[in-house]
Each structure stands twice: as structure tokens, then as C-alpha cells.
Amino acid sequence: MSVRLAGLPDRSEGPVRWRCALVNNMPDAAFGATERQFVGLIEAGSGGRTVEITRHTMPGVPRSARVRDRIAAGYCSLDDLYVNPPDLLVVTGSNPIESRIEDEAYWSDLHGLLKWGSDHVPAMLLSCLSAHAGLAVFDGVERTTLAAKCTGVFAQDVDLTHPLAARFHTPVLLPHSRLNTVPLDAVRAAGYQVLLQSAAVGWSVASKTVGQSMVVLMQSHPEYDPTSLVREYARDLRRYVYRERDELPCLPTNCVIGTDWDRLHRLHTRVLGGERDPAVVAGFPFDEVGGRAAWPWRGAALRLYANLLAAIPDRSG
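Residues numbered from 1 in each chain as written. Predicted model: local features only at pLDDT ≥ 70, side-chain atom pairs only at ≥ 80, totals over all residues. Heavy atoms only, no water.

The name given to the chain in an unreviewed UniProt entry is Homoserine O-succinyltransferase, with the source organism recorded as Mycobacterium paraterrae.

K.L.:
Help me out: how do you make sense of the overall build of the chain in this one?
P.N.:
Helix and strand counts for the chain stand at 11 helices and 10 strands. Since a compact globule built from 317 residues should have a radius of gyration of about 20 Å, the 19 Å found for the chain is in line with a globular shape. For the chain, the spread of C-alpha atoms along the three principal axes comes to 65 × 45 × 40 Å. Out of the 317 residues belonging to the chain, those deemed buried represent 53%. Counted over contacts in the chain with a minimum sequence separation of 6, partners at least 24 positions apart contribute 71%. The averaged location of the 35 negative side-chain charges in the chain is 3 Å from the averaged location of its 33 positive side-chain charges. (Helix = DSSP H or I, 4+ residues; strand = E, 2+ residues; numbered from the N terminus. Rg over C-alpha atoms; globule rule 2.2 N^0.38 Å. Buried < 20%, exposed > 50% of the residue type's maximum accessible area, 1.4 Å probe, protein only. Contact = heavy atoms within 4.5 Å. Lys, Arg positive; Asp, Glu negative; His and termini not counted. Charge placed at Lys NZ, Arg CZ, Asp CG, Glu CD.)

K.L.:
Would you mind showing me how to read the packing of aromatic side chains here?
P.N.:
Two aromatic rings, taken as a pair, are described by how far apart their centres are and by the angle between their planes. Summed over all chains, the structure comprises 4 aromatic pairs. Judged by centre distance (5.2 Å) and plane angle (35 degrees), the ring pair of phenylalanine 31 and tyrosine 75 falls under tilted. Linking phenylalanine 31 in helix H1 (residues 28–45) with tyrosine 75 in the loop between helix H2 (65–74) and helix H3 (78–83), this pair joins segments that are 44 residues apart in sequence. Assigned by exposure class, phenylalanine 31 and tyrosine 75 land together as buried. Considering the side-chain rings of tyrosine 233 and phenylalanine 286, the 6.4 Å spacing of their centres and the 65 degrees angle between planes classify their relative orientation as edge-to-face. Of the two residues, tyrosine 233 is situated in helix H7 (residues 228–241) and phenylalanine 286 in helix H10 (residues 286–291); the sequence distance between them amounts to 53 residues. Through successive ring pairs, a cluster of aromatic residues spans Tyr233, Phe284 and Phe286. Directly above the ring of phenylalanine 284 sits arginine 263, whose terminal nitrogen or CZ lies 5.7 Å from the centroid. Between arginine 276 and the ring centre of tyrosine 240, over which it is positioned, the NZ or CZ distance is 3.9 Å. (Phe/Tyr/Trp six-rings, centres within 6.5 Å; stacked < 30°, edge-to-face > 60°. Lys NZ or Arg CZ within 6 Å of the ring centre and 35° of its normal.)

K.L.:
Sorry if this is basic, but what is going on with unusual backbone geometry here?
P.N.:
With the exception of glycine, most residues fall at negative phi, and the peptide bonds are largely trans. The peptide bond linking threonine 170 to proline 171 adopts the cis configuration, its omega dihedral lying at 0 degrees. By the secondary structure assignment, proline 171 is in the loop between strand E6 (144–158) and strand E7 (172–181). At arginine 167, a residue that is not glycine, the phi angle is positive and equals roughly 65 degrees. When you line up the elements, arginine 167 lands in the loop between E6 and E7. Overall, the relative accessible area of 63% leaves arginine 167 in the exposed class.

This is the structure:
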């Protein structure tokens, strides 16, 4: 095993090559899966060398008692992070509640973390909402709200001249799942080099140096597993039919193929066509369909994380 999780028994081998801090701000329903996905990619990208990972979260994110207990048992405070800066800081997205990102309950903590990271951390990976936060903090660029959720798997154009895209094999596909965006032109105007972008949904991964840090913004979700988009869709559909929310659910593009896509599409058409009935959704085999979903972005995700870790200087000498 090449990952050493702070707070758990040490099963790693060899000296620590990288120290990573994961700040997990996802809501309770996705909290555990998000940790597993990011830790898994960091481990896979390490090439067998040991990565020590500390886990943190923002105090302003609402939590259930169950997740609070999990955080108390295995997560460290943000103050601990500041005392011992990592080589790589990974900040996940979060459920957007406010129309302005600056109005989120945890904004002050997130703003302070990003500013501190740019002065003390060799590399930062900012995912989804945190990528938009980075653009606001570092560049004064504001996100905009989409007319409909951007969700699905989309083909990417790759800038193979960028070091983080080295040894990519094309074609590249990446999943997106977001309610907000920052235009491609605004990202480029702020000085970022866009290494992955989609003609359908805009930029996916961009990078530039901010202060002392290589900042990598991810508007896409290479950490997702094959079931992620189907699970998100099932959650949104259930909330809609149980009238917990009135926003129409969006069916993720290319999340499954063949007869599974046909079945999902028929269900989606029925519900949006007027059958807002929990019974229609309750009998659908989402787990079975998600279990057959392909994983066409896995190779690109592994290579991206391997390239990112390789770009971080070895401070051990």
C-alpha cells in the first residue's frame, strides 16, 4: 500500500515521497465516496511510492451526527494543516447553496485557505466549486449559473504540450457535473493554460502558477467512478418525484450506453412528461444500470494525477 492516512494504522512501505492534504467539503451523501475517489487516484498516481494524506473539512459545511463522528475520528483541523504545509493541497467541490460563492457559509475559511496555499504549498488541485473559488480569489473572475445542470461524459481536446498532459492517449473523455461555469475566454484571459477542454461544455482542466504554487483547476470530475453520474441522477430524480425540489432533473449525457441508456431515457421522458410519481422511480434498477456503466476516463485520470505528483519537487533531497 502506498498511501498513509493520518489517524489510521500505518500500512505503507518506504519513506514518504509526498505529503498531501485533502480538504473534503462535499455534502454528507457524497462525503465517503469523494474521499475514496480522491485518495484512490492519488494512490494510483504515486507509482507505488508512499503518499501521506491528512484529511480535513470546512467547519461551515452542514453535517449530520454520523458524518461529524467520522470527521472527529479521522479528520484533522485546518489549523493542523497550516502548521505543517503539504506538498499537494486538494480541495474538493461542495454543494452550492448560495447564488454568489462569496455568500457560502464557509467562504472566509476557503478564501483564507487558498490564499495561504498560494504562498506555502508547491501544488494545489481545486475541484469544481473550489476551482471557481480559486478564480474568484486569485483573479477576480466570477462564476455564472447555467440554465440547466451540466452533467455527462464529454469528449476533450488535449493540449499535449502541457506537462500535465504528457503521455495522454487520445481520445480523452471526462465527466462533468455542475450548476455553474466560468467561460473559457475568461479563464484564458486570467493567464491559465487550458490543457483539457470540450467543445460541448467548455474547459475541464486549466493551470497556472500563483505565488509559489502550481494551481490546477478542475471544472470536470476525473475522480468519478463509473456509477457516479447514475447515482447523482437517481438522487436528483427522487428529490423531484418526492417534491423535495421542483427543478427538473437532467439526464447525464453518455452516462451509460445501449439498452441501459434506452431504459434511462424512457424513465426520464415519463417523469418529465408528467408522471411525477415516486412509484415510477422506485422500481427502476439504478444500481444494476450503474454497475454496468463504462469507465472511459479512467486512463486519463490516472495519467493526470501521475503527472501532477511527478511535477512536485522532491523536498527530501
